[in-house]
Amino acid sequence: MKARRNESRKKPRCGGAVAAWLLVPLLVLVVLKTDWLLQVTPLKETIVTQVSDETVHKVSSSGEPRFRLDSERVRKGQQLFDVGKLKDADPTPKTPDSVAEGTPSPASSDEIAGDSIDAIEDLKHENDSLAMKGAIDGSLRSSDVAAPRSKLTCNFSSERMNTCAMEGDVRMHGKSASFYVVAVSDDSYRPENGTVVIRPYPRKWEKWSMLTVREVTILSGAAAAAPPRCTVRHDVPVVVFSTGAYSRNFFHSMTDIVIPLFNTAREYDGQVQLVATDYKNKWITQFRHILAALSVYPVIDFDADDAVRCFPSARVGVEGHAELRIIPALSRKGYTMTDFRDFLRSAYSLKRAWTTPVKRSSGQRPRLVMVLRRKSRSLTNEAEAIATATEVGFEVVAAGPEMVADMAQFAEVVSSCDVMVGVHGAGLTNMVFLPNNGTVMQIIPYGGLRWDCYAELGYPVPEMGIHYVEYEATAEETTLKDVYPRDHVVFTDPLAIHKKGFDPVYEIFLEGQNVTLDIDRFRGAMQQIYQSVTIS
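Given the structure is predicted, the values throughout are model-derived calculations rather than measurements. (Residues numbered from 1 in each chain as written. Predicted model: local features only at pLDDT ≥ 70, side-chain atom pairs only at ≥ 80, totals over all residues. Heavy atoms only, no water.)

1. Some words on the overall build of the protein
Thinking step 1. Tallying secondary structure elements over the protein gives 17 helices and 20 strands in all.
Thinking step 2. For the protein, with 536 residues in total, the buried portion stands at 48%.
Thinking step 3. Put simply, 75% of the contacts in the protein that link residues at least 6 apart link residues at least 24 apart.
Thinking step 4. Roughly 26,100 Å² of accessible area belongs to the protein as shown, and the carbon and sulfur atoms make up 53% of that amount. (Helix = DSSP H or I, 4+ residues; strand = E, 2+ residues; numbered from the N terminus. Buried < 20%, exposed > 50% of the residue type's maximum accessible area, 1.4 Å probe, protein only. Contact = heavy atoms within 4.5 Å. Areas by Shrake-Rupley, 256 points an atom, 1.4 Å probe, with all protein chains shown as cover.)

As structure tokens, then:
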């Protein structure tokens, strides 16, 4: 009887187990037909690995954690993979170069674990190779996970530059000078064969100088169907520019690189990665204050960089409008040269934004910096010129090449002055550091050069908020009179030499002469400027 009672008690247990097993197919059907496992599937894109009760955090480039999962939250049932469990899972990685086109279907736990190990290895590699201040940035998504639809747009309409912009899954490999725009949208620019080439320097009409600038190839569509796997991820945009071509000349550095780079990168307020092709360490060092003000990250040498860097967006090529100018109507953010000069003052910590007229009766003198050349177009009587300006009432700062070479130091010198004077040349470009309402006087060498000199260093001046004065040397003020007879075409028809092309003009009028000022005439010019910067 007792045995029978025990037997009767066991029967319901057996029946319950059978019922439970019968429910398994139903549960599987529910899983397959519903989103019940959605809380597990996203772990393919946001994997957090716990090692010895510590958590690896996904961090932005600024060093701030994107999210944080601690051991207490894990104990409360948050979905988290344990390394010990992962060791038993299938470690076979996915094909690294494949890109899924759609949303992945719910995966089995073995597939999730396999992807997790792959992502963990990627994360370790990123920790080792990331150069951006030691922070882990960007997504932990592997290249074999579906990418967002990307977009490529290019502008070839400007006479000065070609530019391309990319958004979405953008990958850069510097050593091969390549960008990959993965899974481009239907409304993207679709070049022939999925390839477009850009030389990121805004002087495209000068074909012979552009040949010195490295080409950057942008691949999209079918050409980017098998992109290289990311080794470094960034969560900020990238801007690619060149320090090649005329970068050794200060005027061209400002006109072709610095101003266009400001116009392109300033909008990101420092949160942008600058990448230089035709990388010149001397140039990067010389302009380090400006580069540091544009980006909080070190400039990457594009040509030497063997990492595959992934960015949320990219710009190849910079926005240059004209010689030493920004045209607000063409600027994407409406920047002006006043904005640029304010930026320079901030970058170099220049405190003097405006000139203040000096009272003539106060005993104070307005400051004048005279930019002196040492080779061509130098002043043969510079000592007399300095003495004359001093007699008129100026405190004169004589700035030879040795002073001008230290850019930060000379920026402070120019900012402390009211007037700048010099013969046409790159040194006058330092007028960008003059305070608002300052004055620059350009001495134009003899030889029919007025229009060219004015276009480069005269026309842009008013847009900077400073005043322009020019002094054009006569045939009596050039040392060419000691080289050519007065009946030579150099004196009878200098424009005829211009018609022969730039080379003879450069050889004769730019590199072949110096200037001997007519001191009485120069004194008159100095007196007029003195009256304009002082009050009675």
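We are not done yet, so read on.
2. Some remarks on the pairing of strand 8 (residues 216-220)
Thinking step 1. Counting buried residues along strand 8, 4 of its 5 residues qualify, which places the element largely inside the surrounding structure.
Thinking step 2. Across 4 bridges, strand 6 (residues 178-182) lies against strand 8 in parallel orientation. In the sheet register, Tyr-180 faces strand 8, and the bridge partner there is Leu-219.
Thinking step 3. Strand direction decides the pairing type here: strand 7 (residues 195-198) and strand 8, joined by 4 bridges, are antiparallel. Note on strand 8: the bridge partner recorded for Val-196 is Ile-218. (Pairing = 2+ DSSP bridges.)

3. A closer look at the pairing of strand 18 (residues 439-444)
Thinking step 1. Counting buried residues in strand 18 gives 6 out of 6 residues, a clear majority hidden from the surface.
Thinking step 2. Pairing analysis gives 5 bridges linking strand 17 (residues 419-423) to strand 18, with the strands arranged parallel. By the bridge assignment for strand 18, Met-420 is matched with Val-440.
Thinking step 3. In this structure, strand 18 lies alongside strand 19 (residues 467-472), joined through 6 bridges in parallel fashion. Each residue of the ladder has a partner; that of Val-440, found in strand 19, is Tyr-468.
Thinking step 4. With helix 13 (residues 450-457) bridging strand 18 and the parallel strand 19, this β-α-β connection has right-handed handedness. (Right-handed = clockwise from strand over helix to strand, strands pointing away.)

4. Describing the nonpolar core
Thinking step 1. Formed by 57 residues in total, the largest nonpolar core has its most connected members in Phe-241, Met-254, Leu-274, Ile-290, Phe-340, Met-431 and Phe-433.
Thinking step 2. For this core, the leading source of residues is helix 6 (residues 250-265), giving 9 residues.
Thinking step 3. Discounting chain neighbours no more than four positions away, the residues touching Met-431 are Arg-341, Met-420, Val-440, Leu-457, Val-461, Met-464 and Ile-466.
Thinking step 4. Core analysis: the second largest hydrophobic core is formed by 23 residues, Met-370, Val-421, Met-441 and Val-515 among them. (Core = buried A, V, L, I, M, F, W, Y, C linked by side-chain atoms within 4.5 Å.)

5. Brief notes about the packing of aromatic side chains
The geometry of an aromatic ring pair comes down to the distance between the two centres and the angle between the two planes.
Thinking step 1. Tallied over the full model, the rule gives 19 aromatic pairs.
Thinking step 2. On the numbers, 6.4 Å between centres and 20° between planes, the contact of Phe-179 with Phe-302 is stacked. Residue Phe-179 is found in strand 6, and its partner Phe-302 is found in the loop between strand 12 (300-301) and strand 13 (308-316); the two are separated by 123 residues along the sequence.
Thinking step 3. On the accessibility criterion, Phe-302 (0% relative accessible area) is buried. (Phe/Tyr/Trp six-rings, centres within 6.5 Å; stacked < 30°, edge-to-face > 60°.)

6. Comments concerning the side chain of Thr-439
Thinking step 1. Take Thr-439: it is sitting in strand 18.
Thinking step 2. In this view, Thr-439 contacts Asp-418, Val-419, Met-420, Leu-434, His-467, Val-469, Ile-529 and Val-533; residues no more than four positions away in its chain are not counted.

7. Quick notes on the environment of Ile-198
Thinking step 1. Tracing the chain through its elements places Ile-198 in strand 7.
Thinking step 2. Through-space distance from the C-alpha of Ile-198 to that of Thr-217 is 6.5 Å; in sequence the pair is 19 residues apart.

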